[in-house]
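Per-entry structural report
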There are 2 protein chains.
Amino acid sequence: MDNRAIGVFDSGLGGVSVLKELQQQLPHENFVYFGDTGRVPYGTRSRQTIVKYAMQDIRFLLSKNVKMVIAACGTASANLTPEYLEGLDVPFCNILLPASQAACSASQTGRIGVIATSATIKSGAYGKAMRNIRPNAVVVGSACPLFVPLVENGFIERGNPVTRMVAEQYLAPFQSGEVDVLILGCTHYPIISETISDVLNGRLPLINPGVETAKQASALLVKNNLLRSGNEPGHTEFYVSDNPESFGEIASLFLGETIAADVKLVDLDNFAADTGNFGAVPS
Amino acid sequence: MDNRAIGVFDSGLGGVSVLKELQQQLPHENFVYFGDTGRVPYGTRSRQTIVKYAMQDIRFLLSKNVKMVIAACGTASANLTPEYLEGLDVPFCNILLPASQAACSASQTGRIGVIATSATIKSGAYGKAMRNIRPNAVVVGSACPLFVPLVENGFIERGNPVTRMVAEQYLAPFQSGEVDVLILGCTHYPIISETISDVLNGRLPLINPGVETAKQASALLVKNNLLRSGNEPGHTEFYVSDNPESFGEIASLFLGETIAADVKLVDLDNFAADTGNFGAVPS
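Let me begin by describing the structure that accompanies this report.

What counts, and where the lines are drawn
Residues numbered from 1 in each chain as written. Chains lettered and ligands numbered in written order. Predicted model: local features only at pLDDT ≥ 70, side-chain atom pairs only at ≥ 80, totals over all residues. Heavy atoms only, no water. Helix = DSSP H or I, 4+ residues; strand = E, 2+ residues; numbered from the N terminus. Rg over C-alpha atoms; globule rule 2.2 N^0.38 Å. Buried < 20%, exposed > 50% of the residue type's maximum accessible area, 1.4 Å probe, protein only. Contact = heavy atoms within 4.5 Å. Salt bridge = Lys/Arg side-chain N within 4 Å of Asp/Glu carboxyl O. Axes fitted to C-alpha atoms, helices over the stretch in contact; angles between N-to-C directions. Parallel < 35°, antiparallel > 145°, perpendicular 65-115°, else oblique. Nonpolar A, V, L, I, M, F, W, Y, C, P; charged D, E, K, R; others polar. Buried area = accessible area lost by both parts, 1.4 Å probe. Polar contact = N/O pair within 3.5 Å; in protein donor to acceptor, adjacent residues only side chain to side chain. Least-squares fit on C-alpha atoms with pLDDT ≥ 70 in both. Pairing = 2+ DSSP bridges. Right-handed = clockwise from strand over helix to strand, strands pointing away. Arc of directions from axis to C-beta.

Before going further, it helps to spend a moment on the overall build of chain A. Of the regular secondary structure elements, chain A holds 11 helices and 10 strands. Here the C-alpha radius of gyration of chain A, 18 Å, is about what a compact globule of 283 residues would show, namely 19 Å. Judged by the C-alpha coordinates and their principal axes, chain A covers about 50 × 45 × 40 Å. Within chain A, buried positions represent 59% of all 283 residues. Long-range pairs, those at least 24 residues apart, make up 79% of the contacts in chain A with a sequence separation of at least 6.

The next point concerns the pattern of salt bridges. All names here are of chain A. Scanning the model with the defined rule gives 22 salt bridges over all chains in all. Across the pair Arg4 and Asp2 runs a salt bridge, and its minimum N-O distance is 2.8 Å. Overall, the relative accessible area of 29% leaves Arg4 in the partly exposed class. The salt bridge partner of Arg158 is Glu194, with a shortest N-O separation of 3.7 Å. Of the two residues, Arg158 sits in the loop between helix H7 (147-152) and helix H8 (161-170) while Glu194 sits in helix H9 (residues 193-199), which places them 36 residues apart along the sequence.

A pair of packed helices is captured by two measures, namely the crossing angle of their axes and the spacing between those axes. Residues and elements named next belong to chain A. Direction vectors running N to C along helix H4 (residues 96-106) and helix H10 (residues 209-223) enclose 105°, while the axes themselves pass 8 Å from each other. Accordingly, the angle class assigned to the pair H4 and H10 is roughly perpendicular. Contacts between H4 and H10 involve Pro98, Ala99, Gln101 and Ala102 from the former and Pro209, Glu212, Thr213 and Gln216 from the latter. Taken together, the residues of the contact of H4 with H10 sort by class into 4 nonpolar, 3 polar and 1 charged.

Time to look at the interface of chain A and chain B. In this assembly, 32 residues from chain A lie in contact with 31 residues from chain B. Each partner contributes to the roughly 2,300 Å² buried at the junction of chain A and chain B, and carbon and sulfur atoms together form 51% of this total. Of all residues in chain A, Arg45, Leu146 and Met165 of chain A bury the most surface against chain B, accounting for 21% of the area lost on that side. Of the charged contacts, one joins Asp269 of chain A and Lys52 of chain B as a salt bridge, the two residues approaching to 3.1 Å between their closest N and O atoms. Inspection of the region where chain A meets chain B yields 18 residue pairs in polar contact (both at pLDDT 80 or more). Secondary-structure elements contributing two or more residues to the side of chain A that touches chain B are helix H2 (47-63), H7 and H8 of chain A. At 6 residues, H8 of chain A tops the list of elements feeding residues into the side of chain A that touches chain B.

Rotating chain A by 180° about the axis while translating it 0.0 Å along that axis superimposes it on chain B, leaving an RMSD of 0.0 Å. Taken together, the rotation and translation relating the two chain copies correspond to the operation of a two-fold axis. Looking at the rotation axis and the C-alpha trace of chain A, the residue lying nearest is Arg39 of chain A, at 2.6 Å. Taken as a fraction of all interface residues of chain A, those also at the interface in chain B reach 97%, which identifies the copy contact as same-surface.

We now examine the sheet that holds strand S8 (residues 206-207) of chain B. All names here are of chain B. On the basis of which strands lie adjacent, the open sheet formed by 4 strands has the order S6-S5-S7-S8 and parallel pairing. Two strands lie at the open edges of the sheet, namely strand S6 (138-143) and S8, each paired on one side alone. The sheet contact formed by strand S7 (residues 182-184) and S8 spans 2 bridges and is parallel. Across the sheet, the residue bridging to Ile183 is Ile207, located in S8.

A negative phi angle characterises most non-glycine residues, just as the trans form characterises most peptide bonds. Cis geometry marks the peptide bond from Val40 of chain A to Pro41 of chain A, where omega comes out at 0°. For Pro41 of chain A, the position within the fold is in the loop between strand S2 (31-35) and H2. Despite not being glycine, Asn243 of chain A shows a phi value in the positive range, around 50°. Among the structural elements, Asn243 of chain A can be located in the loop between strand S9 (236-240) and helix H11 (244-255). In this model, Asn225 of chain B sits at a positive phi of 55°, which is unusual for a non-glycine residue.

It is worth spelling out the side chain of Asp2 of chain B at this point. The residue Asp2 of chain B is located in the segment before strand S1 (6-10) in this model. Since its relative accessible area comes to 13%, Asp2 of chain B is described here as buried.

A separate point is the pairing of strand S1 (residues 6-10) of chain A. All names here are of chain A. Counting buried residues along S1, 5 of its 5 residues qualify, which places the element largely inside the surrounding structure. Side chains of S1 alternate between two faces, with Ile6, Val8 and Asp10 and Gly7 and Phe9 buried alike. Of the pairings in the sheet, the one linking S1 to S2 comprises 5 bridges and is parallel in character. Looking across to S2, one finds that Gly7 is bridged to Val32. Each parallel crossover has a hand, and the one from S1 via helix H1 (residues 16-25) to S2 is right-handed. In terms of strand pairing, S1 meets strand S3 (residues 68-71) through 4 bridges, oriented parallel. If you follow Ile6 over to S3, its bridge partner there is Met68.

With that settled, the discussion passes to helix H8 (residues 161-170) of chain B. Residues and elements named next belong to chain B. Taken as a whole, H8 has its buried residues at Val162, Thr163, Val166, Ala167 and Tyr170. Down the axis, H8 shows its buried residues gathered within 130° of arc, on one side only. Measuring from the backbone nitrogen of Val162 back to the side-chain oxygen at the start of H8 gives 2.9 Å, which picks out Asn160 as the cap.

This part covers the sheet that holds strand S9 (residues 236-240) of chain B. Residue and element names in this part refer to chain B. The strand order across the open sheet built from 6 strands is S4-S3-S1-S2-S9-S10, with neighbouring strands paired in parallel fashion. With partners counted over all chains shown, the strands left at the sheet margins are strand S4 (92-94) and strand S10 (263-265), one partner each. Between one strand and the next, the sheet's axes are offset by a mean angle of 20°, whatever the strand orientation. The pairing of strand S3 (residues 68-71) with S4 spans 3 bridges and is parallel. Looking across to S4, one finds that Ile70 is bridged to Cys93. Sheet contacts for helix H10 (residues 209-223): S1, S3 and S4; angle to S4, the most-contacted strand, approximately 165°.

In short, the description is geometric, and any link to function would need to be established separately.
Structure, rendered in structure tokens:
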């Protein structure tokens with residue numbers, strides 16, 4: 001048993017779609033969510049910058065004494081390879097491995113599609129992960145750099161004509177029937193999954209990384225005997241690096257309920273951290 | 001006479017549209033351009049964060065010993081009010097005042113439209129600037145938060161269907177004939193000015209802030225006796241906080257010519273700056 005909270009971070013508000021699944025599957029756990037809204041988006045940045053930002057995010061969560069860290073950000077998941085996590089003395093979960101495992105299980109043909117940010121597609125991380133699980137897997141990726149700004153600017157209702165037109169362009173590689181399952185490789189994408197599915201005529205099963213990540217986090221807590229004791233409902237603290245007011249508004253839409261707690265502003269340049277053996281941010 | 005370079009900064013690559021006008025109007029000047037590509041976009045962030053980032057950008061330019069600073073960023077221009085510039089001992093120019101003066105001169109009716117990022121519109125800075133020049137000016141603003149990602153992701157050719165559909169939505173407030181001139185209040189927007197003009201049926205004169213800013217910078221150099229001596233053609237150094245390779249590619253498209261010089265990567269957390277009396281970055 002361990003009554004500390006679970007730390008969850010994302011470049012902004014997309015990770016709230018993962019948090020929602022975590023809260024549903026682990027209703028007695030407490031969470032600390034950090035959204036790096038002062039530097040969102042990560043998906044168009046270089047690997048070096050993404051790693052630097054993600055490690056700062058983890059250091060912030062560690063300063064809140066969390067018992068587990070979850071990278072609820074597709075871009076951070078794809079770029080934060082194990083060498084950067086040396087010295088992290090709590091269990092770590094990203095969204096990439098659970099989504100890859102689910103896709104490899106769901107696919108009949110072993111031909112799997114991935115849509116994600118430019119940085120995630122460029123990293124090739126989904127291909128590597130899936131060929132580890134299923135060596136003959138063939139992975140077809142398509143970068144969708146406008147999906148994050150479309151979601152963050154509210155173009156999210158089913159069939160929104162702008163989002164639909166952009167989706168038709170980005171999803172063209174999957175119209176030929178070449179793949180038989182599609183990973184939503186960015187935590188913003190479940191918000192527009194109905195439009196994505198419509199453009200594909202409902203033909204492809206979509207893997208929601210939040211659902212799969214919550215299952216894996218749950219298994220890790222059980223295995224390491226880290227579940228919170230008792231049956232009290234858990235609560236969530238929210239921290240962001242900019243614009244706490246608008247984060248609260250938009251995240252409430254994503255969660256389907258009002259965020260009761262205050263959303264607190266953090267200055268990533270100035271917070272007290274005791275991060276144990278976890279490495280300093282690489283320059 | 002002063003042979004030092006002119007410093008120009010922007011949140012990313014939009015400021016290159018201003019740089020292009022500066023190079024044309026001041027062909028014998030040297031420039032140092034800084035694009036904060038590691039933290040772009042500014043236009044969706046809070047005022048506090050925008051000011052912090054912009055002041056760091058200016059400190060970097062001062063570390064390059066520039067003789068003048070130009071905020072080639074609509075969002076920084078609107079939010080960096082004079083109190084933040086105390087102690088800056090070189091002339092400073094933003095894009096807001098020159099664009100406002102041009103619009104006030106061009107308007108017959110005094111009813112002036114502005115399109116810009118959310119943060120610029122929210123600041124109300126264009127309204128304040130224009131009522132100082134023309135007290136009865138009526139300013140109608142429309143935030144266009146998707147234009148920057150559309151431009152940065154290459155949806156820029158005239159009549160691009162996605163950009164056109166988004167523009168029709170954002171420009172609806174200007175279809176009724178209420179205003180008689182429209183300021184492109186963000187340096188990215190001149191890149192899609194043909195599509196903007198088409199959506200408005202060519203009915204409204206568009207104010208390009210880069211053109212107006214270059215005129216004002218030129219006048220300031222003359223007035224302060226800061227022109228570079230001699231008739232050698234000037235050159236430009238480019239610095240960015242992330243992704244120098246892709247900056248070079250895209251900025252070359254904006255400039256209409258290849259960027260000959262290397263684009264250098266800067267770590268904004270680590271550079272040697274002697275910024276004289278210019279204030280420390282507020283926390």
